[in-house]
Amino acid sequence: MLRTTASRVLDDNDRDEVLALLDADPVVNVFVASRVRAVGLNPARLGGQMWGFGPRGGLTSLCYAGANLVPVNAGTDAVHAFADRARKQGRRCSSIVGPADAVAPLWERLEPYWGAARAVRWAQPVMAVTTPSPVPIDPLVRRVRPEEFEILLPACVAMFTEEVGVSPEAGDGGALYRSRVAELIRIGRSYARIEHGRVVFKAEVGAVTPLACQIQGVWVHPDLRGRGHAAAGMASVVKHALDCFAPVVSLYVNDYNAPARAAYRKAGFEEVGTFMSVLF
């Protein structure tokens, strides 16, 4: 492997510089930026390491190395450096995700050492909206209440399994996933339309910064698809998110999911970039 200038592990002394780099592209970097703003750069709190490329005062690229490996503003030299560190460390992540122009070459360098992925999503449009949706909102979409956790959880598990291809209850029996679902309900970032004990539509605002937020986990009950619930539900979540969280609402979606992309466009979202995900 071609050796380039090495990356380094960052700490809280680098926080301001890291946030400045992340905030230069707040939609693309919303997940990593939300983590840094919430807990800083100490690995014990961050749940992983933040790698930097470039000297202190001259950072040009980052890579979050936790449950996900997420390159940020990574050009060719930075990708080489991050791949070198990831190769030496060994795979600890469940996915590589981020801008396709960085993830693709990063994966090309890591695949010979890490082995085949379970799935590769080569093109995932990043979509964003800054104004209320042009379609009417669904007035029955609201914040999920804590006592509705057991109603919502099966829908969350079904969404995750359908999207990722494995159940979130594998491994630890779903303890971490249940905790995350409960936390999003507790902090008021889980939304759903629930009728007679059944989830019709659901979505969560998974990452939030003062500059942008990201919707995740969009799901409509299989028996009720094709009836406009997704577009109207998304219109409701967009309104709540713009009112409560950030001036830009974003998400990313698989390119082959034509119904979802159509629903998001109907709800006012426009494509602003392309992600790629490698799933293990």
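What you see is a predicted model; the values in this text were computed from it and never measured.

(A) A look at the sheet that holds strand β11 (residues 249-252). Reading across the sheet, the 12 strands line up as β1-β2-β3-β4-β5-β12-β6-β11-β10-β9-β8-β7 and stay open at both edges, with mixed pairing between neighbours. This sheet does not close on itself; its edge strands, each paired only once, are β1 (8-9) and β7 (142-143). Pairing between strand β6 (residues 119-129) and β11: four bridges, direction antiparallel. Across the sheet, A128 pairs through a bridge with S250, a residue of β11. Together, β1, β2 (49-53), β3 (61-65) and β4 (68-72) form the strand contacts of helix α4 (residues 76-89), whose direction differs from that of β2 by roughly 140°. Here helix α5 (residues 100-114) sits on the sheet and contacts β4, β5 (95-99), β6 and β12 (270-279); the angle it forms with β5, its principal contact strand, is near 155°.

(B) Inspection of the UniProt feature "domain: N-acetyltransferase" (unreviewed entry) in the protein at higher detail. Taking the numbering used here, the UniProt-annotated feature "domain: N-acetyltransferase" (unreviewed entry) corresponds to residues 139-280. The span residues 139-280 shows a helical share of 37% and a strand share of 29%, and its end C-alpha atoms are spaced 39 Å apart.

(C) Quick peek at the layout of surface pockets. By volume, the second largest pocket is sized at about 210 Å³. In terms of lining, the second largest pocket is formed by 14 residues, of which the most central are D25, V28, N29, N73 and P99. Tallying contributions element by element places β12 first for the lining of the second largest pocket, with three residues.

(D) Structural view of the packing of aromatic side chains. Counted according to the given criterion, the structure contains seven aromatic pairs. Ring centres 5.0 Å apart and planes at 55° place the aromatic pair Y252 and F275 in the tilted group. Note that Y252 is positioned in strand β11 and F275 in strand β12, a separation of 23 residues in sequence. Put simply, the rings of W107, W114 and F280 touch in pairs and so form one group of aromatic residues. A cation sits over an aromatic face here: R85 above W51, 5.8 Å from the ring centre. Cation over ring: R87 sits above Y113, and NZ or CZ is 5.2 Å from the ring centre.

(E) The pairing of β5, seen in detail. Burial of β5 is extensive: five of the five residues sit out of reach of the surface. Sheet analysis places β4 next to β5, joined by two bridges and oriented parallel. Bridged to N68 within β5 is S95. Handedness of the crossover joining β4 and β5 through α4: right-handed. Bridge count between β5 and β12: five bridges; the pairing is antiparallel. Across the sheet, I96 pairs through a bridge with V278, a residue of β12.

(F) Seen up close, the side chain of S236. Structurally, S236 can be placed in helix α8 (residues 229-244). The exposure class of S236 is buried, given its relative accessible area of 1%. For S236, the side chain forms a polar contact with the main-chain oxygen of D138, separated by 2.8 Å. With sequence-adjacent residues up to four places away left out, S236 is seen in contact with I137, D138 and V141.

(G) Representation of unusual backbone geometry. In the Ramachandran plot, N73 falls in the positive-phi region, its phi being about 50° despite a non-glycine side chain. Non-glycine residue H196 carries a positive phi angle of around 55°. Residue classification places H196 among the exposed positions, given a relative accessible area of 86%.

(H) Inspection of the domain arrangement of the protein at higher detail. Entries for the protein in the domain assignment read domain 1 (8-116) and domain 2 (129-274). At the interface, 12 residues of domain 1 touch 13 residues of domain 2. Interface of domain 1 and domain 2: buried area, both sides summed, is about 880 Å²; carbon and sulfur atoms make up 77% of it. The three residues of domain 1 that bury the most area against domain 2 are V27, V30 and R37, which together make up 49% of that side's buried surface. In this assembly, domain 1 and domain 2 are joined by zero salt bridges. On the surface where domain 1 and domain 2 come into contact, there are one residue pair in polar contact (both at pLDDT 80 or more). The class makeup of the residues in the side of domain 1 that touches domain 2 is eight nonpolar, two polar and two charged.

(I) Broad picture of the packing of helix α1 (residues 15-23) against helix α2 (residues 30-39). Where α1 meets α2, the axes come as close as 10 Å, and the angle between the chain directions of the two elements is 155°. It follows from the interaxial angle that α1 and α2 lie roughly antiparallel. As for how α1 packs across α2, the hand of that crossing is left-handed. Of the residues in α2, those in contact with R15, V18, L19, L22 and D23 of α1 are V32, A33, V36 and R37. Of the residues belonging to the contact of α1 with α2, the class tally is six nonpolar, no polar and three charged.

About the thresholds
- Residues numbered from 1 in each chain as written.
- Predicted model: local features only at pLDDT ≥ 70, side-chain atom pairs only at ≥ 80, totals over all residues.
- Heavy atoms only, no water.
- Pairing = 2+ DSSP bridges.
- Helix = DSSP H or I, 4+ residues; strand = E, 2+ residues; numbered from the N terminus.
- Contact = heavy atoms within 4.5 Å.
- Axes fitted to C-alpha atoms, helices over the stretch in contact; angles between N-to-C directions.
- UniProt positions renumbered as here; feature names shortened; annotations may be inferred.
- 1 Å grid on protein atoms, 1.4 Å probe; cavity = no way out; pocket = protein on both sides within 12 Å on 5 of 7 lines; lining within 4 Å.
- Points joined across faces, edges and corners; volume = space filled by probe spheres on them.
- Phe/Tyr/Trp six-rings, centres within 6.5 Å; stacked < 30°, edge-to-face > 60°.
- Lys NZ or Arg CZ within 6 Å of the ring centre and 35° of its normal.
- Buried < 20%, exposed > 50% of the residue type's maximum accessible area, 1.4 Å probe, protein only.
- Right-handed = clockwise from strand over helix to strand, strands pointing away.
- Polar contact = N/O pair within 3.5 Å; in protein donor to acceptor, adjacent residues only side chain to side chain.
- Domains from an automatic or database assignment.
- Buried area = accessible area lost by both parts, 1.4 Å probe.
- Salt bridge = Lys/Arg side-chain N within 4 Å of Asp/Glu carboxyl O.
- Nonpolar A, V, L, I, M, F, W, Y, C, P; charged D, E, K, R; others polar.
- Parallel < 35°, antiparallel > 145°, perpendicular 65-115°, else oblique.
- Left-handed = near helix turned anticlockwise from the far one by under 90°.

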